[in-house]
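# Examination of the molecular architecture
Listed below are the residues making up each chain.
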Amino acid sequence: VERLAPDSATAISIITLCKFIPEVFVTPIGGVLSDIYDRRRLMIYLDSVSAFIALSYVIALRSGNVQNLFLVTVLRSTVSSIYEPITKSIVPMFVTNAEDLTCAATLNSMAWSTMLLLGGILGGYAASTLGVEACYVIDFLTYIVSALVMLKVKGDFRVFQTHESNNDNLESDKDGGKKKLMAKMRVKLSRLLQPIKSFITMTIDLFMYLFTCGFGLCVLLKASGTLCWGSQDVLNASFSYVHNDEGETSRRLGIIYSCAGIGCLLGPIISNLTIVHGDRPNTIQLACIGAFMFIITGWLGIASAPSFEVICLFTIVRAMGESIIWMNASLLLQTLTSPAILGRMLGFEYSMARLTEAMTSFVAGRLEDSGYGKHEIATLQALSTGVIFIFWTIYHLFGSGAANKRFSDFFHSGTSDAASFPASKSEVV
């Protein structure tokens, strides 16, 4: 973005929106697909498509037009949005025990954090020495490797069995000509509209579930977190920028993302060692609430930082809180939600999280272009995080969501299958 639109915080905000907007509107579709089709096969197909989209970035950069970069970003975000609920909802199909699911979620988070750490270092080095285009070639190769790994996984990963109607028998209608043609047209139209009908029906089922499950508001826990760190992309670019030195700017940005990777690696480990117990959902919710304090500390430290090194230090602190919320918010839903609706649940959660992150990112970019300093914006993020922390603390103290005693009693009864949860129609969110 700096190469194609120098010194434009608005351009950074726009490309962030190009990334986030498809995630808001497309992710629910990924959730529905996840609950209908084989999740492993979907992951293979999407990895393959993503590989070639990564190469499209090279063409966009060489075109010299920032709008081409926006277009490719939309395409990539669309595919990754479909992918997200699929890859999250397949985990409980491998791991069914509550404690083991916590370990699996932690390992998944650690793997992601390690890649963020190494990606920041290698990406910054590759961008400054080989050029930005080389990073996208490497990205292409990683998608190919991911698809090959999933090809090695065997088994049936569907949770919803489709039943096709036997309408083809209408073709043998004894009435001739016109009636037979009309029957065929009705069958074809029905098949054409079936995906739309399924999406609407399954979405209605999702919202009914949210209002009767007793923990529906927890689906917005991650979204409230992204409100607290949504400005990070804009601010990271601002804190990393070195005038007339693209190489040093790339190096610094790589360092900041590596520091974020360190924080994301440490956060889940600390929460698992101190608070989280897989068979006690209330501890997962409590870990998310406590993580807001890390974010507040991180933003206040960044706002008052006298040097780039101090910014990196408090980026680690802030990222610890982010990773605890990001991992445990999904883990909470994986633990409590019925497998048959989990894909849609995680899709909606991710969609709302990206919506709030996009809003916060855009506002941060506009504030910076309007004359607000990056340190002032960091301070505003700390204050908004404090308000959200108070809200969730009250929610937990009043026994709402996973703090409801019936969930802990359910696990202690020896049953750990979320599909067996008693959903009370009188209990709203």
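Presented here is an overview of the structure given in this document.

Calculation rules
Residues numbered from 1 in each chain as written. Predicted model: local features only at pLDDT ≥ 70, side-chain atom pairs only at ≥ 80, totals over all residues. Heavy atoms only, no water. Helix = DSSP H or I, 4+ residues; strand = E, 2+ residues; numbered from the N terminus. Buried < 20%, exposed > 50% of the residue type's maximum accessible area, 1.4 Å probe, protein only. Contact = heavy atoms within 4.5 Å. Areas by Shrake-Rupley, 256 points an atom, 1.4 Å probe, with all protein chains shown as cover. Phe/Tyr/Trp six-rings, centres within 6.5 Å; stacked < 30°, edge-to-face > 60°. Lys NZ or Arg CZ within 6 Å of the ring centre and 35° of its normal. Salt bridge = Lys/Arg side-chain N within 4 Å of Asp/Glu carboxyl O. Axes fitted to C-alpha atoms, helices over the stretch in contact; angles between N-to-C directions. Left-handed = near helix turned anticlockwise from the far one by under 90°. Nonpolar A, V, L, I, M, F, W, Y, C, P; charged D, E, K, R; others polar. Patch = residues over 30% accessible without salt bridge, like charges linked within 9 Å, V, L, I, M, F, W, Y side chains within 5 Å. Disulfide = S-S within 2.5 Å. Expected span 1.5 Å × (residues − 1).

## Examining the overall build of the chain
Broken down by element type, the chain carries 15 helices and 0 strands. Within the chain, the fraction of its 429 residues that count as buried is 49%. In the chain, once contacts between residues fewer than 6 apart in sequence are set aside, the share between residues at least 24 apart is 83%. About 20300 Å² of surface is accessible on the chain, with carbon and sulfur atoms providing 67% of the total.

## Overview of the packing of aromatic side chains
Under the counting rule described, the total for this entry stands at 10 aromatic pairs. A centroid spacing of 6.3 Å and a plane angle of 80° characterise the contact between Tyr209 and Phe215, whose relative ring orientation is edge-to-face. Of the residues examined, Tyr209 reaches a relative accessible area of 15% and is grouped as buried. Assessed through its relative accessible area of 1%, Phe215 is described here as buried. Taken together, a centroid distance of 6.0 Å and an interplanar angle of 80° make the contact between Trp326 and Tyr350 edge-to-face. Here Tyr350 lies in helix H13 (residues 342–369) and Trp326 lies in helix H12 (residues 308–336), a separation of 24 residues in the sequence. The exposure class of Trp326 is partly exposed, given its relative accessible area of 23%. Put simply, the rings of Tyr209, Phe215 and Phe407 touch in pairs and so form one group of aromatic residues. The ring of Phe308 carries the charged tip of Arg252 above its face, separated from the ring centre by 4.5 Å.

## What to know about the environment of Glu23
Tracing the backbone through its elements, the reader meets Glu23 in helix H1 (residues 9–36). Setting aside residues no more than four positions away along its own chain, Glu23 makes contact with Ser77, Ser80, Ser81, Tyr350, Ser351 and Arg354.

## A few points about the pattern of salt bridges
Within this structure, the stated rule accounts for 12 salt bridges. Across the pair Arg354 and Glu23 runs a salt bridge, and its minimum N-O distance is 2.8 Å. Taken together, the residues Arg354 in helix H13 and Glu23 in helix H1 connect sequence positions 331 residues apart. Exposure class is identical for Arg354 and Glu23. Each is buried. Here Arg251 makes a salt bridge to Glu248, at a shortest N to O gap of 2.7 Å. Of this pair, Arg251 and Glu248 are both found in helix H10 (residues 246–274), 3 residues apart, which corresponds to roughly one turn of the helix. The class of Arg251 is partly exposed, set by a relative accessible area of 40%. Within the structure, one salt-bridge network assembled from shared partners comprises Lys19, Glu23, Arg354 and Glu357.

## Some points on the packing of H13 against helix H14 (residues 374–397)
Two numbers describe how H13 lies on H14: the axes approach to 10 Å, and their chain directions differ by 145°. In the crossing of H13 with H14, the sense of the turn from one axis to the other is right-handed. Between H13 and H14, the residues in contact are Thr360, Ala364, Leu367 and Glu368 and Ile377, Leu380 and Gln381, respectively. Split by residue class, the contact of H13 with H14 holds 4 nonpolar, 2 polar and 1 charged.

## Here we look at a nonpolar patch on the surface
Taken together, the side chains of Ile29, Ile196, Phe199, Ile200, Ile204 and Met208 present a nonpolar region at the surface, about 550 Å² in accessible area. Looking at the nonpolar patch, the element that brings in the most residues is helix H7 (residues 177–212), giving 5 residues. Considering the arrangement of structural elements, one finds Ile196 in helix H7.

## What about the state of the cysteines?
Across all of its chains, the model carries 0 disulfides by this definition. No disulfide involves Cys259; its sulfur sits 4.0 Å from that of Cys312, the nearest cysteine.

## Quick look at H14
Compared with the 34 Å implied by 1.5 Å per residue over 24 residues, the 35 Å span of H14 between its first and last C-alpha is a close match. Those residues of H14 not exposed but buried are Ile377, Ala378, Gln381, Ala382, Thr385, Gly386, Ile388, Trp392, Tyr395 and His396. For H14, the elements touching its buried residues are helix H8 (221–229), helix H9 (232–240), helix H11 (281–303) and H13. Gly399 sits one or two residues past H14 and shows a positive phi near 75°.

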